[in-house]
Structures are given as structure tokens and as C-alpha cells.
Amino acid sequence: MDKIKVLIVDDSAVVRQSLSSILSSDSDIEVIGTAADPIIAVKKIMKEVPDVITLDIEMPRMDGLTFLRKIMSQHPIPVVVISSLTNEGTEVAMKALEYGAAEIIGKPAMNAGKFINESKITICDAVKAASHVKMLRRKAAPTSTSKKVSRPRVKPKPIEVSPRYSADVILEKGSAANRITKTEDVIVLGASTGGTEAIRTLLKSLPPKMPGIAIVQHMPEGFTKSFANSLNNICELEVKEAENGDKLYQGRVLIAPGNHHMLLKRVGKEYFVEVKDGPLVNRHRPSVDVLFRSASRYAGKNCTGILLTGMGNDGAKGLLELKDSGGETIAQDEQSSIVYGMPKEAAKLGAANHIKALKDIAPFLLK
């Protein structure tokens, strides 16, 4: 099978070298070039069109956002934004998602072996996921005329799934749910690639008197707070990045903080979340499976689980556990998914009571 061709765009020579080394270590990925700024990148794209571009935001001559908008409005290429974890940087990176970036990740840590290894997993998986994204041409603000790049159609290649930790390392599978009495209803939701826009679309369609919603969206530390704040500004619901011990109640949405797992817990009939460290589960932290398993144990039949667009299989087994505990389960359909990976795996397991287009999920919940 053909390798995924990647072009790295970053003004730092050290970062370009580090990313080249990380991506080249994966046998499914080929780095076809690097560029110190978007002007150089355009010249390289004219010679050879990559399957995926990794893109820094702050660069000389043309900033990453402007470059991203030009790409998406002319001949879209999947873009993974790799940004520094600064307050200003996270806000701009969130804007990049609105402009069509497939993934956002933090710049790799270069200190301890553990973090380097996790950075490799995160970066390589993000590039592989981006290579599967359904690209849509987007309208851009008027800009000066630039030469268009012809992009051949590339058939996405399947991603090899290597051995990984399951939710067992965070919470052992239990059967307490069948003893749960009636409580307030709650909703748990998981998503990955394409999920930020899907979550935004879904939450904007919901009224303020919805059951409490706990969400795991695969995003790095720092970005989830900006994501939660942006949702809070446009939704009728209260949306915040979860903190350990936060209560989950009607009208409130809690987003799992990047780099931490989030579990749904209950005391009496009141729900709250536990935020904790731990190894990557299904190559992710936070993991959807961890959230869904905790919901099956502590909420059971009082819970609705929703699995949206994303690469891989995180959340599929957890959704099945939730279904087995009496919960209602929904998976997004292929047509409306940016990447039909996680919902597909759930459907293959028979974990979803319902397969729904994104636009139909909110009306279904309201019934």
C-alpha cells in the first residue's frame, strides 16, 4: 500500500527536524518535504501534492490561518495544526478548526522518554486520521489571486491498530449498573476527528433544560478549555472544561480536560465527574471507553450514550457495555461522519440501538 505523504510547515528548524523524525519512524508515513513558511510550502505543493500537511500557526510572511483558509477554499488538503500550548495559541488553533483543520495537537515534548513516546503516538495517529478525512471546499474571505493546485484523488488507506491499553487500566469492568434505581437522566458523548464541529452542531440544537452531558473529545491539554469556552458562548447550555468533583446536572455540559481521563460517578442520585491521570487508553487520554464504562456502572439505564465521528475504535466497546447495562445508545451514520471509524466499530459490535445522521440526533434526544 502507498504511504501517507506528509508536508511539514513550521518556521522552526528544530521542530521540522523533530516532526520529520517522529513521522518517518512510522512505516505507513513518508515525509515528502518540509517548509519554513507557507510561501515555500506552496512551491513544494505545486511539485508534489501531499496527502496531509502539518501546519504551525505563527510563521513569517504568511500566518498559518491565512494559509489554511487559502487551501480550504481552493483545493482542500487535510491539515493537522501543531501549535504551542499558549493561551493565545489555543484560541487561534480553535479558529483553525472552524476553518477546516482536521486535527489540533500540541507541539511534541522533548524532555522525558514517556512524553516523547506519547507524542509519537499522538502525532502519527493524527496524521493517519487526517488522511481519512472527507474534505470539503470552504468559502474564504477575498484574497489576492494565487495559483491553484491540482490535487489527485487519494484512496484512504486503513490504519494498522497496534496493541493498546483498554479501559481496564483505569476502571475495572463491573456489573453494578443492574442494581441502579431511577435517577436523573444523563448523556455521555465521545468523538475524535471531526468531532469539534459535530459537537458544536449538536449542542447548538439543544435547549437549556437538557439532561447533564459529559463529553470526551480527543484534544490535547490546553485546547479543551478554549473549546469549552467557545461552546459556552454559542449554546443555551452551560459548557465548561471539567474539574475533578464537578457536579453534572440538568443544563450543564462538562468537557473532559485534555491529557486527563474523565469518569462519571454518582453519590445517591447526584452525578459528578472524576478527573484523573493514567496511561493512554486506546492510544488516547482522555478516552471515550473510560467515560462510557463509568457511565454503564454508575448510570446504566438512566444514561444515553452517543458516539460521533472519529478514527479508530475508542468508545465502541464502552458503548456496548452501556447498552448491555440498559442505556440507550446512538452512533453517528457514515454519511454525516467526517471520519467513519469509531461509529463504524460500534455498529460492527452491535453496540448502537440507533444509527443516526448528525442532524437527526438532537430531535431524537428531545423526544
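Preceding block: the structure.
Please read these numbers as outputs of a predicted model, since none were measured by experiment.

J.: Where do I start with the side chain of Asp10 in this structure?
T.: Along the chain, Asp10 turns up in the loop between strand S1 (4–9) and helix H1 (13–24). Accessibility expressed as a relative area gives 1% for Asp10, which makes it buried.

J.: Sorry, what's going on with the packing of aromatic side chains here?
T.: Here a ring pair, both rings aromatic, is described through the centre-centre distance and the interplanar angle of the planes. Applying the stated criterion across every chain, the model contains zero aromatic pairs. The positively charged end of Arg69 is found above the aromatic ring belonging to Tyr99, 4.4 Å away from the centroid.

J.: Even after reading the chapter, I still don't get the pattern of salt bridges, so can you show me in this structure?
T.: Where charged atoms from two side chains of opposite charge approach closely, those side chains can pair. Tallying each qualifying case throughout the model produces 20 salt bridges. With a shortest N-O distance of 2.8 Å, Arg293 and Glu321 are connected by a salt bridge. Of the two residues, Arg293 is situated in helix H8 (residues 288–298) and Glu321 in helix H9 (residues 316–324); the sequence distance between them amounts to 28 residues. With respect to class, Arg293 is no different from Glu321; both count as buried. Here Lys348 ties to Glu345 by a salt bridge, and the two come within 3.4 Å at their closest N and O atoms. Taken together, the residues Lys348 and Glu345, both in helix H10 (residues 342–349) and three residues apart, mark about one turn of the helix. Counted as one network, the salt bridges with shared partners bring together Asp10, Asp56 and Lys107.

J.: Please explain the sheet that holds strand S8 (residues 238–241) as it appears in this structure.
T.: Pairing between the strands of a sheet is mediated by backbone hydrogen bonds and can be parallel or antiparallel. Taken in spatial order, the seven strands of this open sheet run S8-S10-S7-S6-S13-S14-S15, and their pairing is parallel. The sheet terminates laterally at S8 and strand S15 (354–356), the two strands that pair on one side only. On average, each strand axis in the sheet is inclined to that of its neighbour by 20°, with strand direction left out of account. Strands in contact with helix H7 (residues 223–234) are strand S7 (212–217), S8 and strand S10 (252–255); relative to S8, the strand with the most contacts, it is inclined by about 170°. Together, strand S6 (186–191), strand S13 (303–307), strand S14 (328–332) and S15 form the strand contacts of helix H11 (residues 358–366), whose direction differs from that of S15 by roughly 125°.

J.: Just checking my understanding: could you explain the environment of Glu58 for this structure?
T.: Counting through the fold element by element, Glu58 comes out in the loop between strand S3 (52–55) and helix H3 (64–74). Through-space distance from the C-alpha of Glu58 to that of Asp37 is 9.4 Å; in sequence the pair is 21 residues apart.

J.: Sorry if this is basic, but what is going on with the sheet that holds strand S12 (residues 270–276) here?
T.: Judged by pairing direction, the sheet is antiparallel, and its three strands sit side by side in the order S9-S12-S11 without closing on themselves. A single partner strand is all that each edge strand has here, and the edge strands are strand S9 (247–248) and strand S11 (261–267). Sheet topology places S11 next to S12; seven bridges connect them, and they run antiparallel. Considered in S12, the bridge of Arg266 is made with Tyr271. Against the sheet, H8 touches S11 and S12, its axis set at about 10° to S11.

Parameters at a glance
Residue numbers here run from 1 along each chain, matching the order of that chain's written sequence. It should be noted that, the model being predicted, local features are given only for residues of pLDDT at least 70 and side-chain atom pairs only at 80 or more, the latter also being counted only at that level, while totals for whole chains, interfaces and linings use all residues. With hydrogens and water set aside, each side-chain value is computed from the structure's full complement of heavy atoms. Under the scheme used here, helices are H or I runs from DSSP no shorter than 4 residues and strands are E runs no shorter than 2 residues, and both carry numbers assigned from the N terminus. Type-normalised accessible area, obtained with a 1.4 Å probe on protein chains alone, sets the label of each residue: buried when under 20%, exposed when over 50%, and partly exposed for intermediate values. Note on aromatic pairs: the rings of Phe, Tyr and Trp (six-membered ring only in Trp) are paired at centre separations within 6.5 Å, and the planes decide the class, stacked below 30 degrees, edge-to-face beyond 60, tilted for the rest. Either the NZ atom of lysine or the CZ atom of arginine qualifies as a charge over a ring when it sits within 6 Å of the ring centre and within 35 degrees of the ring normal. For salt bridges, the criterion is a side-chain nitrogen of Lys or Arg within 4 Å of an Asp or Glu carboxyl oxygen. At least two DSSP bridges between two strands are needed for those strands to be called paired. For helices, the fitted axis covers only the stretch in contact; all axes are lines through C-alpha atoms, and the angles between them, taken along N-to-C directions, range from 0 to 180 degrees. The criterion used for residue contact is that any of the two residues' heavy atoms lie within 4.5 Å.

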